[in-house]
Amino acid sequence: MNDKNPVPVWDILVRIFHWSLVVAFTVAYLTEDELEDLHVIAGYVVLGLISFRVVWGFIGSKYARFSNFIYSFSEIKAYLLNLTSDRPKHYLGHNPAGGIMVIALLLSLFATTISGLKVYGVEGHGPLANNGAVVSIISKAFADDDQHEHEGKHEKNKEEEFWEDIHEFFANFTLLLVLIHIAGVVVSSRLHAENLVKAMITGKKNA
Ligand code: HEM
Ligand code: HEM
């Protein structure tokens, strides 16, 4: 790798965002079963981080902006087809495939956290707990019909199961995207003979 001409690419907030997201996502993913309190905290952290990243995508530094890495589908296709050539085109910020992956990750994380808030709300906690006051009064009146506490064991109603399925789907879909994302980082690092993981730590890339 040529270390002769490193230039700043990822600003400090993008780097803090990225590695905090890795930690919070991992904690949320691993704690869903036994440690619900920790799970919810990690989930809120993920939601906070991606909300920040959307704002930063408009007002952040040059390479952090969406306008810098949202490409047309024809450019993404051209980039992917060009990968097998001898000299694939190099980008200083996100390449077209990386750019669309950032958007996919943010959207999938958003769907995961919002559906998590819904599960939590149906369980009677969090900001979505009293979603629709009338619905909540009616469902309380009929609570005995569809939700029971048996020997301290919480029995799930249909709405809770529905949101849990959605939440679980998006959590696993995000995990799939993360695996493709990491594979993309490895492949791209090899093709361009540069260390992208190091760049996400130091913020610098070779021009
Ligand atoms: C990226 C962040 C998150 C990930 C990766 C994640 C992942 C998961 C997974 C895999 C499950 C198990 C689903 C199942 O087997 O039915 C789950 C359950 C759950 N999640 Fe999340 N979640 C996240 C964020 C959140 C947030 C923000 C909240 C609420 C504030 C939340 C609340 C819950 C609740 C209440 C359950 C059900 C636990 C139970 O009753 O068994 N999650 N989550
Ligand atoms: C240890 C595993 C991971 C490694 C090594 C890694 C590495 C990287 C690298 C090198 C980049 C910059 C890509 C480029 O140069 O264009 C990046 C960007 C990104 N990664 Fe990861 N990543 C990991 C896990 C994750 C996870 C778990 C998530 C989400 C749940 C994630 C979400 C993102 C996002 C959203 C960006 C865009 C950064 C920005 O512009 O703000 N990554 N990652």
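## Some details on the site of ligand 1
As a matter of local geometry, ligand 1 sits amid 24 residues, with Glu32, Gly43, Gly116, Glu168 and Ala171 nearest to it. Mapped onto the shell around ligand 1, the elements with two or more residues apiece are helix H1 (12-31), helix H2 (36-59), helix H5 (96-122) and helix H8 (158-191).

## Regarding H8
Helix length check: H8, at 34 residues, gives a terminal C-alpha distance of 49 Å against a target of 50 Å (1.5 Å per residue), a fit within 8%. Every buried residue belonging to H8 is among Trp163, His167, Phe170, Ala171 and Thr174, and all of these are buried. Elements that come into contact with the buried residues of H8 comprise H1 and H5. Looking at the residues trailing H8, positive phi occurs at Ala193, about 45°.

## Considerations on the site of ligand 2
Surrounding ligand 2, one finds 21 residues, the nearest of these being Phe25, His94, Gly98, Leu196 and Met200. Element by element, the count of residues in the shell around ligand 2 is highest for H1, at six residues.

Reading the values: the criteria
Residues numbered from 1 in each chain as written. Chains lettered and ligands numbered in written order. Predicted model: local features only at pLDDT ≥ 70, side-chain atom pairs only at ≥ 80, totals over all residues. Near = placed C-beta within 6 Å. Helix = DSSP H or I, 4+ residues; strand = E, 2+ residues; numbered from the N terminus. Expected span 1.5 Å × (residues − 1). Buried ≥ 20, exposed ≤ 12 C-beta atoms within 10 Å, placed from the backbone. Contact = placed C-beta atoms within 7 Å.

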